Amino acid sequence: MTATVTERAAAKVNLWLEVLGRRPDGYHELETVMHEVDLEDLVELSRRRDSSTLVVEGAAIAADESNLAFKALRALEAKVGRSLPTALRLVKRIPAGGGLGGGSSDAAAVLRGLVRLHDLDLGPEELEEVAAGFGSDTAFFVRGGTAMCRGRGERLEALEPPSPLDLVLVLPGLHVPTPAVFRALELTVRSRQPYDFLTALRANDPIELRARLFNRLEEPARKLHPELGRILDHLAAERAILSGSGSTIFCLCASGDEAEALAGRVHGECGLETRVVVSARR
Ligand code: C5P
């Protein structure tokens with residue numbers, strides 16, 4: 001019987017994000033392309049006899065039932081109708097509150113790990129359904145890769161992964177609360193169609209793709225945090241764009257060398273933390 005399993009939990013960026021409207025349940029109808037990158041948390045799961053526990057290393061994050069990792073465990077216990085006593089250990093490397101989906105990815109990794117640890121007969125579709133019960137972008141991380149996510153974010157359509165993309169993440173170190181960004185959004189303009197973006201994604205041309213990146217939440221995030229606007233304007237020639245509701249900004253580069261050079265330049269000019277990442281491979 002397996003005693004311990006580990007799962008990698010990758011961060012994502014939103015290559016495309018359009019908000020189609022407000023829903024009666026208070027959420028927003030989205031059309032967003034999420035893409036996993038190789039910045040990862042580590043999730044370790046070990047069997048226990050009685051109650052479950054959670055420890056978090058590498059970040060000051062609540063290690064209690066409010067943590068999405070714990071919510072994932074409780075949701076899966078509800079699904080299978082019995083307790084699954086597990087010691088959860090999260091090793092955080094993905095910055096929290098940065099639009100990179102770290103907490104959601106950890107939660108999906110917990111679901112995958114629990115299936116292996118406790119020999120549960122559940123497939124990815126069932127895990128996605130469980131994941132959608134406690135978050136909007138949690139279902140995506142069950143299988144990850146590249147996907148068009150609609151509805152609240154939980155209706156998934158897998159996309160052919162492009163050749164590995166070279167990206168620079170710029171981390172302004174701001175915590176931007178997602179609900180506030182959605183509240184500040186003015187839904188007056190006609191929504192954009194993703195066809196040209198999807199064509200560029202299929203064509204595997206980073207220069208063409210860079211010109212098609214889009215995030216509707218950038219405008220409200222700029223309003224709430226003028227500092228973000230200043231960084232985005234400074235990097236306008238690089239077509240820098242916000243990921244999710246921020247605060248992470250990213251640039252798509254034509255090569256790894258270009259990404260390394262840009263990361264060094266941004267760090268030197270703006271004093272901001274940067275990371276060079278590539279598309280995650282599963
Ligand atoms: O579902 P999740 O906890 O990730 O969402 C965080 C917040 O983001 C929600 O409370 C809501 O304010 C906003 N949101 C939204 N529409 C979505 C996803 C998130 O309004 N589709």
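Bear in mind that the values here come from a model prediction, so they are computed numbers and not experimental data.

Definitions and cut-offs
Residues numbered from 1 in each chain as written. Predicted model: local features only at pLDDT ≥ 70, side-chain atom pairs only at ≥ 80, totals over all residues. Heavy atoms only, no water. Pairing = 2+ DSSP bridges. Helix = DSSP H or I, 4+ residues; strand = E, 2+ residues; numbered from the N terminus. Contact = heavy atoms within 4.5 Å. Near = heavy atom within 4 Å. Polar contact = N/O pair within 3.5 Å; in protein donor to acceptor, adjacent residues only side chain to side chain. Axes fitted to C-alpha atoms, helices over the stretch in contact; angles between N-to-C directions. Parallel < 35°, antiparallel > 145°, perpendicular 65-115°, else oblique. Left-handed = near helix turned anticlockwise from the far one by under 90°. Nonpolar A, V, L, I, M, F, W, Y, C, P; charged D, E, K, R; others polar. Core = buried A, V, L, I, M, F, W, Y, C linked by side-chain atoms within 4.5 Å. Buried < 20%, exposed > 50% of the residue type's maximum accessible area, 1.4 Å probe, protein only. Expected span 1.5 Å × (residues − 1). Phe/Tyr/Trp six-rings, centres within 6.5 Å; stacked < 30°, edge-to-face > 60°. Lys NZ or Arg CZ within 6 Å of the ring centre and 35° of its normal.

Q: How should I be thinking about the sheet that holds strand S10 (residues 249–253) in this particular structure?
A: Sheet strands pair by backbone hydrogen bonding; their relative direction is either parallel or antiparallel. Here we have four strands laid out as an open sheet, ordered S9-S10-S7-S11, and antiparallel in their pairing. Since the sheet does not close on itself, it has two edges, and those belong to strand S9 (241–242) and strand S11 (273–278), each with one partner. Two strands pair when backbone bridges link them, and S9 and S10 are joined in this way by two bridges, in the antiparallel orientation. Bridged to Ile241 within S10 is Phe250.

Q: Explanation requested: the side chain of Glu40 in the structure shown.
A: Topologically, Glu40 is positioned in strand S2 (residues 28–47). Aside from chain neighbours lying at most four places away, what touches Glu40 is Arg8, Ala9, Ala10, Arg93 and Ile94.

Q: Where do I start with the site of the ligand in this structure?
A: Around the ligand, the neighbouring residues are Gly26, Tyr27, His28, Leu30, Gly135, Ser136, Arg152, Thr178, Pro179 and Phe182. Within the contact set of the ligand, an oxygen atom lies 2.7 Å away from a side-chain nitrogen or oxygen of His28. Contacts to the ligand include Ser136, whose side-chain N or O atom sits 2.6 Å from an oxygen atom. Only S2 and helix H5 (178–183) provide two or more residues apiece to the shell around the ligand. The leading source of residues in the shell around the ligand is H5, at three residues.

Q: Whenever I open this one, the packing of helix H2 (residues 102–117) against helix H3 (residues 124–132) confuses me. Can you help?
A: In a packed pair of helices, the relevant descriptors are the angle between the two axes and the axis-to-axis distance. The N-to-C vectors of H2 and H3 enclose an angle of 135°; their axes lie 10 Å apart at closest approach. Classified by the interaxial angle, the pair formed by H2 and H3 is oblique. You can see that H2 and H3 cross each other, and the crossing is right-handed. Across the interface between the two elements, Leu111, Arg112 and Val115 of H2 pack against Leu127, Val130 and Ala131 of H3. Taken together, the residues that form the contact of H2 with H3 break down as five nonpolar, no polar and one charged.

Q: Sorry if this is basic, but what is going on with the nonpolar core here?
A: Looking at soluble globular proteins, one finds that nonpolar side chains tend to be buried together. Leu45, Leu76, Val110 and Leu111 are the most contacted members of the largest nonpolar core, which has 36 residues in total. Counting residues in each nonpolar core, the second largest holds 26 residues, with Trp16, Val37, Leu252 and Val277 among its members.

Q: Would you mind showing me how to read H2 here?
A: Since the α-helix turns once every 3.6 residues, residues separated by three or four places project in the same direction. Taking 1.5 Å per residue as the helical rise, H2 with its 16 residues ought to reach 22 Å, and the 22 Å between its terminal C-alpha atoms agrees with that figure. Within H2, 14 of the 16 residues are buried, which leaves it mostly tucked inside the rest of the structure. Two residues or fewer past H2, Asp119 is found with a positive phi of approximately 50°.

Q: Explain the packing of aromatic side chains here, please?
A: The geometry of an aromatic ring pair is captured by the separation of the ring centres together with the interplanar angle, meaning the angle of the planes. Per the counting criterion, the structure on display carries three aromatic pairs. Seen in terms of ring centroids, Trp16 and Phe214 are 5.2 Å apart; in terms of plane orientation they differ by 50°. Their pairing is tilted. With Trp16 in strand S1 (residues 4–22) and Phe214 in strand S8 (residues 214–215), this residue pair connects regions lying 198 residues apart in the sequence. With respect to burial, Trp16 and Phe214 carry one shared label: buried. In this structure an aromatic cluster arises from ring pairing among Trp16, Phe197 and Phe214. The ring of Tyr27 carries Arg152 above its face, with NZ or CZ at 5.1 Å from the centroid.

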